[in-house]
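A closer look at the structure
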Amino acid sequence: MKILKIEFQNINSLKGTHEIDFSAAPFTSSSLFAITGPTGSGKSTILDVISLALFNQVPRLGRISKNEILNKGAILTRNQKEAFAQVTYESGSGVFASLWSISTNSNNNLRDYEMQIFDLATGKALDLKKSDVPAKNEELIGLNYNQFIKSVLLAQGEFAQFLRAKKDERGELLEKITGTGIYRQVGIRAFQKYKEANAQIEDRRKEIELLQKELLDEEQLKVLRKSFQEKEEQISPLEKQINELEKSLDLKKNIRDQQRQIAEQEKLKLEVEQDWKKFEAENILLQKHEEIQLFAEELRAWRSHTETLNDLQKEISLTVQKEEEVEKGIFNCLKEVSDFIQANSAAEEVEDNLQRFLKNIQQLQQARKEKLSSYENLKRQFDLEVREVPFQLNGDLEASEKKLLEMQFLSRKKLEGLSSCLENIDLEEAGEEKLRLKRELEKARLAHKKFGAIENLSAELLKNHKEQEELLPHLQSLPKDLELKQAQAATLSERLEKLQLKLQNQVLQASLEEHRAHLKDGEPCPLCGALEHPFATDLPQQETGLREELKTTETRLKDLQSKIVAEKTTLQHHEQRTSALQKEAQRMEQELDLQKSEFKEEFSEFMTAEEVNWEELCAGYEEQMQQLETHQQEDRKLKAISAGLPLIEELKLVLEEGKGIKEQLDSLYTGNNIQKDCLDLQNRWTEFQHNKKSLARQKADLEQKLITRRSQLQELEKELELKIKEKGCRSISEALERLLPEARYVELRRQREELNSRNKEIRSALKTLNAQLEKLRENEVEATSEELEQKLQEKRTNLKNITAEFEELRWKIRNDEKLQARIKKIEQSLQSEKQHIRRWELLNQLIGDATGKKFNDFAQDLSLSQLLRLANIRLKDLSDRYKIDKPEAGEDDSLVAIDEHMGGQRRSVKTLSGGETFILSLSMALALSDLASKNVEINSLFIDEGFGTLDPETLDQTLTTLEKLQAESSKTIGIISHVDSLKERIATQVRLKRNGQGYSSLEVTS
């Protein structure tokens, strides 16, 4: 994965739009660059842009949302309304651009962020939701967010601390750096899982112990069972005695209840006798009614006939009144009809006169409607004819006609002017001429576009040749300078080895000073075995300036090696760039020849294309097409006006005829619906006539019914007079007074029957209850109820006590049986649970503890071994002197550096110089990048922290190392620092400067 370009706008303090293109100069000639600037100028913002565009996260804030931006004031530059961050990168899947953006709406409220991915091979956006973009980037790059941060951003300062840390501290730091805290959580979870499972087993064991304490021994159980049997034998006789006593008490109670019921019935008998006395008066009325009940129907019929005669007389009076009202209505309706048709009308001619008036009005309305329809049709025809003209009829047809004539005159004049401008155009074939001009315009535009492409390609080719000419002197001089410096370096290296050997001999001689004091002539030396010891007393004079000379030589050699690495890197980049330029120039020359050949073949009429003014040529074609279009429009307009003028004359005639019809119609009828008005008058007249005839028939019928009813009433009176005299009544009215209403008669008869029934029921009940009482007294015992109740209470108390003791004994026996069964069930379950948690017990023994330290230490030791293996591979590329190893028993807790130049001597990293520590920590950071990226090739690195603490010599050595790394790996490496020394050593820089009001600016220099 390689980052090709970074683009962003209004991110943090960097206001405005900025771009860093790693695929263009100066980054193409030098892939090692520095990001410099004072503290707070926005150096880390560049890294935020990368992670934000790819994953919507930044290392300092985590995941970004609208609320995060509003609450913390992060990402969006102060007082700005929009921002975006875009990263273009190359991976195994192709070249892609990932975009993150946010903006405000018209109310200055912040919208939610948006994310997109563009495939630059097709130029199209991938069809993704914004929430799916980070996962898609992870898939394309091959790294998730945490892996990407560890692989691309190398904070070597953490590893400098890691190298010197003690074992416990080193584990915590490694856990933090590698993000492998999951192992600690696994260890803690294994411990907790076993603890939870084992706690359940311990609870079961304690439960068994508690249950066993509650169990009875064999002797106690034997005594309980014997007592249980004795109590069971005592219960049965007591229950029998209690049952006998309860029966005797129930019998006493039944006798008392029977006596109470007899007393109640006697009371009811007295109440019935009193009710009969109260009912005596109603009973007399009931008897009188029953005497005349045989001819009650005739009496009721006489009363009904009398009422009917009165009703008929009333109806006849009402009918006469209605006849008078109908006659009045007929007179008023006839007058209204005469007024409506504007002529006098006889009663027998009303309907015919209304029909003739209706027909006349309808004919006038139809004639007016036809004229209106003709007017509308002519108006529509007019609008259709003049649709090409911006003209509409108004109410004044005379004014409209005048305006149309003026427009006709102006249109003819305009056509004459256009025809003179288009004298070279065949106006009779305007359509064909228009197509010809369009084809010539399109061809001219296409020729202009292709000629512009040829000019652009020629300019690019000229720029390519110029860049090759600029690189040529460097390619010629650098190999010679490099060969000279390599020879000087070989001489200095040989000189350095001799000085180091000489210094080692001096050190060795100094360490044997104590042995020299004990040497004796004739006795062998323990080191070399010599018998003579000439230097035992007189030591040779040592050279005191050897160390200074060695240091000076080392410094010169380092400077020279640094320059060699820098020149090699520069030469390699120049060669690569020259090769790329040559290939590109060859491709562009072929493309240029092809484009020229195609242009010559396709546009032969433009052979002197350099002299053609393409803009004027295209403008001329466009002007002719516009004039031709205007001529066609004006010609259609003139034809439309000529067709519309005769139609206005026809409209004027139709309008005049319609006005005459309307005046005639308004003089006869001003209503809205002639059909409805005529029908309403006719219906009213018909209704009055119908009512008049109907009332006459109704009056005749009523008079006939009155005569019939009078005759029937007289006959009925003769029959009733004989019957009522036999029952002692003086008149029909007196007989009717004796006759009770049917409902009252039914009610009084019901009351009489109810009193008789109650009397019979009470007498029967008294007889039955007395017989039952005698039978109950036959089985009654002599003892009183109080004596029986006392005996029953004593027996029940005795039974209750014995039963309680019996139940308690039975509960104890059953409880003991339940406890034994429960203990057995728990023991069986316990065996199963022990087998089930066996794996958790083993896992806890292997990796579990309360803090997770056991498994974390084991996992971090494996991680450390892997990290050190990868670090030593990287370190071998950076320096052949050191290797990093874990401390052995007896050594300091910090990591160990193995010095290969000192015979594999093991040294604590605490003894290393600043530059040596930086090389080791950088190798560790690169190793973590390898570990995090696994099989993904990372070709973009950003190294942060540490440069401000280095002295000039170490800083120079560090930069040499990074140049070597960059030259050998072809990676793009960015160094983030505010150290001024970097400006002199690294030519390509991304400089950030603080401006006023808290904003910063960005500039790429070389």
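- Taking an unreviewed UniProt entry as the reference, the protein chain is identified by name as Exonuclease SbcC belonging to Salinimicrobium catena.

Description of the packing of aromatic side chains
- For the structure shown, the criterion picks out 8 aromatic pairs.
- Residues F33 and F942 carry aromatic rings whose centres are separated by 6.2 Å and whose planes lie at 80 degrees to one another, so their mutual orientation is edge-to-face. Of the two residues, F33 is situated in strand β3 (residues 32-36) and F942 in strand β14 (residues 940-944); the sequence distance between them amounts to 909 residues. In this structure, F33 and F942 share a single accessibility class: buried.
- Their ring planes at 15 degrees and their centres at 6.4 Å tell us that W100 and Y113 sit as a pair that is stacked. You can see W100 sitting in strand β7 (residues 94-103) and its partner Y113 sitting in the loop between β7 and β8 (114-119), a full 13 residues away along the chain. Y113 carries the same exposure label as W100, and that label is buried.
- Geometry around Y113 places K130 over its ring, the cationic atom sitting 4.6 Å from the centre.

Details of the UniProt feature "coiled-coil region" (unreviewed entry) in the protein chain
- What UniProt calls "coiled-coil region" (unreviewed entry) maps, in this numbering, to residues 191-275, 347-381, 482-509, 543-605 and 699-843.
- Spanning residues 347-381, this segment combines 91% helix with 0% strand, and its end C-alpha atoms are found 52 Å apart.

A closer look at the pairing of strand β1 (residues 2-11)
- Within β1, 8 of the 10 residues are buried, which leaves it mostly tucked inside the rest of the structure.
- Examined bridge by bridge, β1 and strand β6 (residues 82-91) share 7 bridges and lie antiparallel to one another. Each residue of the ladder has a partner; that of K2, found in β6, is E90.
- Sheet analysis places β1 next to strand β2 (residues 14-21), joined by 6 bridges and oriented antiparallel. In the strand pairing of β2, E7 is matched with E19.
- Between β1 and β2, which follow one another and run antiparallel, lie 2 residues, and N12 among them has a positive phi close to 55 degrees.

Points about the nonpolar core
- In terms of nonpolar packing, the biggest core is built from 62 residues, with I6, I75, W100, F148 and F942 touching the most fellow members.
- Per-element accounting of this core gives the leading share, 8 residues, to helix α1 (residues 43-55).
- For this core, the two domains that each supply at least three residues are domain 1 (1-152 + 940-1005) and domain 2 (157-185 + 853-937).

Cut-offs and rules
- Residues numbered from 1 in each chain as written.
- Predicted model: local features only at pLDDT ≥ 70, side-chain atom pairs only at ≥ 80, totals over all residues.
- Heavy atoms only, no water.
- Phe/Tyr/Trp six-rings, centres within 6.5 Å; stacked < 30°, edge-to-face > 60°.
- Helix = DSSP H or I, 4+ residues; strand = E, 2+ residues; numbered from the N terminus.
- Buried < 20%, exposed > 50% of the residue type's maximum accessible area, 1.4 Å probe, protein only.
- Lys NZ or Arg CZ within 6 Å of the ring centre and 35° of its normal.
- UniProt positions renumbered as here; feature names shortened; annotations may be inferred.
- Pairing = 2+ DSSP bridges.
- Core = buried A, V, L, I, M, F, W, Y, C linked by side-chain atoms within 4.5 Å.
- Domains from an automatic or database assignment.

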